[in-house]
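For reference, the chains in residue letters:
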Amino acid sequence: MTGGGGPSAEARALTVRLVTAIMVVVVASSFLFAFGDVWLLALRLGVPVYVAPLVAPAVDLSVAGLLLGIRFLAMRGADPGQLRPARRLLVFASVVTLALDVSNPMIAGELARPPLTVCGAGC
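Residues numbered from 1 in each chain as written. Predicted model: local features only at pLDDT ≥ 70, side-chain atom pairs only at ≥ 80, totals over all residues. Heavy atoms only, no water.

Engineer: Please give an account of the packing of helix 2 (residues 52-75) against helix 3 (residues 80-108) that cites residues and values.
Structural biologist: Axis separation between helix 2 and helix 3 bottoms out at 9 Å; the angle between their running directions is 150°. Considered as vectors, helix 2 and helix 3 are oriented roughly antiparallel to each other. In this structure, helix 2 crosses over helix 3, and the sense of that crossing is left-handed. Judged by residue contacts, Val55, Val59, Asp60, Val63, Leu66, Leu67, Ile70, Leu73 and Ala74 of helix 2 engage Leu83, Ala86, Arg87, Leu89, Leu90, Ala93, Ser94, Val96, Thr97 and Leu100 from helix 3. Residue composition of the contact of helix 2 with helix 3, by class: 15 nonpolar, two polar and two charged. (Axes fitted to C-alpha atoms, helices over the stretch in contact; angles between N-to-C directions. Helix = DSSP H or I, 4+ residues; strand = E, 2+ residues; numbered from the N terminus. Parallel < 35°, antiparallel > 145°, perpendicular 65-115°, else oblique. Left-handed = near helix turned anticlockwise from the far one by under 90°. Contact = heavy atoms within 4.5 Å. Nonpolar A, V, L, I, M, F, W, Y, C, P; charged D, E, K, R; others polar.)

Laid out in structure tokens, this is it:
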């Protein structure tokens, strides 16, 4: 830092880019985890092979869309009463995402195993 003026514009821009890159990696990793785990769950439950890979992205993209939409509306001056239904739907979609992500290990009875290895070699 120089002379109490705070970080330079370049330092702030670098920080924003770095934080954004880290968040992209975290979100992509979470999305891939959910995709694989929910796919295995769907196959285990007898969902047709061509439908199984569509479940996780539908729920995950709903959560992402709701987060972005709520943020957009809040920044544009929407009052809390207008945002309440979207926030309720976000909570519901988040609970569904969590339930889908933990269901496969629970059904297999192998909660201590790492994700995507629950089926072992038999999947």
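Resuming the write-up.
Engineer: Lay out the UniProt feature "transmembrane region" (unreviewed entry) in the protein in plain terms, naming residues and giving numbers.
Structural biologist: The UniProt record annotates "transmembrane region" (unreviewed entry) at residues 18-41 and 47-68. End C-alpha to end C-alpha, residues 18-41 measures 35 Å, and it is 100% helix and 0% strand. Secondary structure over residues 47-68 splits into 77% helix and 0% strand, and the C-alpha atoms at its two ends are 30 Å apart. (UniProt positions renumbered as here; feature names shortened; annotations may be inferred.)

Engineer: Which residues make up the layout of surface pockets, and what values do they have?
Structural biologist: By volume, the largest pocket amounts to about 310 Å³. Lining the largest pocket are 13 residues, and of these Val27, Ser30, Asp60, Val63 and Ala64 sit closest to its centre. Those elements giving two or more residues to the lining of the largest pocket turn out to be helix 1 (9-44), helix 2 and helix 3. Ranked by the residues each element gives to the lining of the largest pocket, the list is headed by helix 2, at six residues. Considering only residue class, the lining of the largest pocket consists of nine nonpolar, two polar and two charged. (1 Å grid on protein atoms, 1.4 Å probe; cavity = no way out; pocket = protein on both sides within 12 Å on 5 of 7 lines; lining within 4 Å. Points joined across faces, edges and corners; volume = space filled by probe spheres on them.)

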